[in-house]
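# Report on the structure
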Amino acid sequence: MITNIYIMNYKFKRILSFLLFLCIIFTANITSFAKDTPNVKKIKEQINGAAAYLTNDIESYGVNDAVDFCILAGSGADVSEFSKSFLSDVKANLDRNGGKIVSSYGENLTTYAAVIIALISLGENPADFNGCDITKIFIKTDPSADIITPNYYRIVIQAALCCKNSEKFLQALCDAYIGKYYKAGKGVDYFGFSCDNTAYFIDAVCNSGIRLEKYKKVINDAIEVLESYRVDGGYCFNPKYDTKPNADSTALALMAQSSYTACFGNTEKSSAVLNGIYEELCAFEGSDTGVFTYNNADSPYATRDALMALSRYYSVMPKHTDLLNQSFVFAIIIIFSTVCAIVLAGILLLLRKKKKNKTL
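Below or above, wherever it landed, is the structure these notes cover.

Procedures and definitions
Residues numbered from 1 in each chain as written. Predicted model: local features only at pLDDT ≥ 70, side-chain atom pairs only at ≥ 80, totals over all residues. Heavy atoms only, no water. Helix = DSSP H or I, 4+ residues; strand = E, 2+ residues; numbered from the N terminus. Expected span 1.5 Å × (residues − 1). Buried < 20%, exposed > 50% of the residue type's maximum accessible area, 1.4 Å probe, protein only. Polar contact = N/O pair within 3.5 Å; in protein donor to acceptor, adjacent residues only side chain to side chain. Core = buried A, V, L, I, M, F, W, Y, C linked by side-chain atoms within 4.5 Å. Contact = heavy atoms within 4.5 Å. Axes fitted to C-alpha atoms, helices over the stretch in contact; angles between N-to-C directions. Parallel < 35°, antiparallel > 145°, perpendicular 65-115°, else oblique. Nonpolar A, V, L, I, M, F, W, Y, C, P; charged D, E, K, R; others polar. Salt bridge = Lys/Arg side-chain N within 4 Å of Asp/Glu carboxyl O.

Because each turn of an α-helix spans 3.6 residues, side chains separated by three or four positions end up pointing in the same direction. With 15 residues, helix α2 (residues 40-54) extends 21 Å between its outermost C-alpha atoms, agreeing within 8% with the 21 Å of an ideal straight helix rising 1.5 Å per residue. Buried residues of α2: I43, Q46, I47, G49, A50 and A51, and no others. The N-cap of α2, judged by a side-chain oxygen 2.7 Å from the amide nitrogen of K41 a few residues on, is N39.

Given below as structure tokens:
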């Protein structure tokens, strides 16, 4: 009888010890994960802060400002005060040019793309806007035509991805970008090589939706090139000129790595990389939330790059928060199980004592 009670007590102690061990481990892990994962609310506040700073002196946006406006609208920031004037200008432009979009740069891929992205962000249908199918005209444009700047390929490719029957057009855009500007092992050559040029390239090709093996090889090469610009505290523009990190290059690196993660899948390693770059970018935050600096002074250029990066980074954040929620639930289950086991063990011990007293 005494031997049986001893064995049962020993088993309960082993079970309790194991459950307590799991409780400690999962509680520690969830605390660590919560600490290492940036606050989603903070990132959203930075996006809104950046947009507010960039639009502070702006009265309205039109077709000629479509690139700037599509970045703002596409970021998820509130642009409602500018939407009416933008839509009116697009309608007037279409009427004036016989159903085509013509900006100060003429009829071009970049402006078409920026208008398409902006319209979608505002809840409009670019395939049926003011009686015109802007997407149809857009994808019939020569994909090998010169872009205003190759860094705008990301906008053109993003817009093409939103159009129907655009697969061949998308592939032709990517082929043109790679063929004209990309050099293996060096990155994008646009007035020289730089972190910024290569980051734009990664973001563009990763978001093309094309998963051909040849693009994967080029993207992986570009990621290696991008990491060659990493320095203590972030990323530099080009170590030949300056090895100090700056907000622009660090922001664009975050944008590129976020798109790479979205393209090839989120892992513990990629999360750590993204979170680390984000923290480095935050070190360049200036006088207000979402305002970023260059040479310690608030800069609209650095803030614009940060806005693009933060919105892209924010788009992959739900994966982090889902994992956080799952871990939290799991930790609660372990804690609840441990408490139940302790209570059950206490009840059994009391019953044994009563039984023992009766026996005596």
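If you look at the biggest cluster of nonpolar residues, it comprises 94 residues, and the most contacted ones within it are F86, I134, F138 and F201. Apart from the residues lying within four places of it in its own chain, the contact partners of I134 are L94, I101, Y112, V115, I116, L119, P126 and F129.

Moving on to the side chain of R154. When you line up the elements, R154 lands in helix α7 (residues 153-161). In this structure the side chain of R154 is engaged in a polar contact, spanning 2.7 Å, whose partner is the side chain of D203. Setting aside residues no more than four positions away along its own chain, R154 makes contact with Y200, D203, A204, M255, M308 and R312.

Relative placement of two packed helices is described by the angle separating their axes and the distance separating the axes. At a minimum axis separation of 8 Å, α7 and helix α9 (residues 195-206) run at an interaxial angle of 5°. What the angle tells us is that α7 and α9 run roughly parallel. Side by side, α7 and α9 meet where Y153, R154 and I157 of the first sit next to Y200, D203 and A204 of the second. In the contact of α7 with α9, the residues fall into four nonpolar, no polar and two charged.

Scanning the model with the defined rule gives seven salt bridges in all. Here R304 and D68 are joined by a salt bridge, their closest N and O atoms 3.2 Å apart. Linking R304 in helix α13 (residues 300-359) with D68 in helix α3 (residues 66-74), this pair joins segments that are 236 residues apart in sequence. Among the residues examined, R304 registers a relative accessible area of 19% and is labelled buried. Its salt-bridge partner being D203, residue R154 comes within 2.7 Å of it at the nearest N-O pair. On the criterion of sequence distance, the pair formed by R154 in helix α7 and D203 in helix α9 is long-range, its members being 49 residues apart. Each member of the pair, R154 as well as D203, carries the same accessibility label: buried. Taken together, the salt bridges that share partners define one network made up of R154, D203 and R312.

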